[in-house]
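Single-letter residue listing:
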Amino acid sequence: RATGTGRWLPWLGLALLPLAVPPAAAPGGCPSACYCVATPELVQCRYERLEEPPRELPVTVQNLSIAGSNLSVLPRAAFASRPLPDLRLLRLRHDNIQTIEDMALQGLPALRTLDLSHNPLLSVAAGAFADVPLLRTLQLNQALLAAPLEEQLALALRNLTLRRLELAGNALRALPATLLPAGLEELDLRNNSLQRLAAAELRSLEAPGLRGLRLTLGANPLSCDCALRPFLAWLRAATARVSDARGLRCSGPPPLRGAALLRLRPEGLPCAADEGGEPGRLETASYVFFGIVLTLIAIVFLMVLYLNRRGIKRWLHNLREACRDQMEGYHYRYEQDADPRPTSAISTP
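A short tour of the structure in this document, coming up. These numbers come from a predicted model, not from an experiment.

Analysis parameters
Residues numbered from 1 in each chain as written. Predicted model: local features only at pLDDT ≥ 70, side-chain atom pairs only at ≥ 80, totals over all residues. Heavy atoms only, no water. Core = buried A, V, L, I, M, F, W, Y, C linked by side-chain atoms within 4.5 Å. Buried < 20%, exposed > 50% of the residue type's maximum accessible area, 1.4 Å probe, protein only. Helix = DSSP H or I, 4+ residues; strand = E, 2+ residues; numbered from the N terminus. Domains from an automatic or database assignment. Contact = heavy atoms within 4.5 Å. Pairing = 2+ DSSP bridges.

This brings us to the nonpolar core. Core analysis: the largest hydrophobic core is formed by 76 residues, its most contacted members being Phe-79, Phe-129, Leu-187 and Leu-261. Going through the elements one at a time, β2 (42–46), β3 (63–67), β5 (89–93), α2 (150–156) and α4 (229–237) are the ones with two or more residues in this core. Looking at this core element by element, the count peaks at four residues for α4. No fewer than three residues from each of domain 1 (37–145) and domain 2 (161–270) sit in this core. Phe-79 has contacts with Pro-53, Leu-64, Ile-66, Leu-74, Leu-84, Leu-90, Leu-92, Ala-104, Leu-105 and Leu-108, leaving out every residue within four places of it along the chain.

Following this line, the structure appears as structure tokens:
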């Protein structure tokens, strides 16, 4: 039995040899603050508090993930200290990135997916995403909470051919129409502050370049009142365009809280006159119009009375005389019936 064990020891040593090699000794060289998973094509640098992107990246790296650092600013050519022609996926989550300067991604010609989620972005230059012609997926989940960046991002995205855009968890109250380039296929709007999609926003989704766009809308506080009717009608007709349509639930009002949207009928949604939305304003306007009509009728009636005041006065006088004559007749008959003299004369012998 000892002889058998000795026969396997050399093979066991060879199997454990790769585990003894430190990350920096991997083929092509791994950054000292990071480690390469299996091969240098996948590099992860997690919670190393880096102040700038590592410069000794393997030239063959395809996936690079940096998380929990303090990059703060992505300057021009932040990853181009050496050519990275094969880098396709770049994840920069929780890195306290606040500013992205022009040409920050220069030198990454094959980049297809960029993840900037969970960063307090304050400034994005108009040329921040220049020189990445193959970029198709941009993830900005919980990255637009620190400042309103819609106009800056619209300029930065104008020359990209995005296919997927993720904007989850950004407290958005409306559809960011300016951030939707033609040809976009997927838009993630989960966990925002959307109460509905207004009629104008729904029309923007029917633009020629966005008719194939698919939305994800879960975890939004949808208000199931009459203002939701246009969106509900659109959702019932275009269920295939909302990937989580069957899971959408009402956040209010209380009687409908938790109800599935697709089980509701547009005409059955409640509508209050004091709502701030368009239906509430329409109902208020209808009451105002009704009041104006009643006022006009009253004015016309008073004008008719004024123009016929003499005739009305004569009619009232005649009515009063007729009433007086009638009352005098009643009074005369009452006196005749009450007079005892005719009765006494007849009864005397």
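Backbone torsion omega between Gly-252 and Pro-253 reads 0°, so that peptide bond is classified as cis. Following the sequence through the fold, Pro-253 ends up in the loop between β14 (250–252) and α5 (278–307). Look at Asn-96: it is not a glycine, yet its phi comes out positive at around 55°. The residue Ala-219 is not glycine, and still its phi comes out positive at about 65°. With respect to the helices and strands, Ala-219 occurs in the loop between β12 (214–216) and β13 (222–223).

So, on to the sheet that holds β3. Taken in spatial order, the nine strands make up an open sheet running β1-β2-β3-β5-β7-β9-β10-β11-β12, and their pairing is mixed. Edge positions in the sheet fall to β1 (35–36) and β12, since each has one partner strand and no second. Both strand β10 (residues 164–166) and strand β11 (residues 186–188) contribute to a ladder of three bridges, which runs parallel. Paired with Leu-165 across the two strands is Leu-187, which belongs to β11.

As summarised here, the arrangement of the three strands in space is β4-β6-β8, forming an open sheet in which the pairing is parallel. The sheet is open, and its two edges are formed by β4 (73–74) and β8 (123–124), each paired on a single side. Bridge count between β4 and strand β6 (residues 99–100): two bridges; the pairing is parallel. Bridge pairing in β6 places Val-73 opposite Thr-99.

For β3, the buried fraction is high: four of the five residues fall into the buried class. Bridge count between β2 and β3: five bridges; the pairing is parallel. Within the sheet, the bridge partner assigned to Gln-44 lies in β3 and is Ser-65. Pairing of β3 with β5, which is carried by five bridges, proceeds in the parallel orientation. Looking across to β5, one finds that Asn-63 is bridged to Leu-89.

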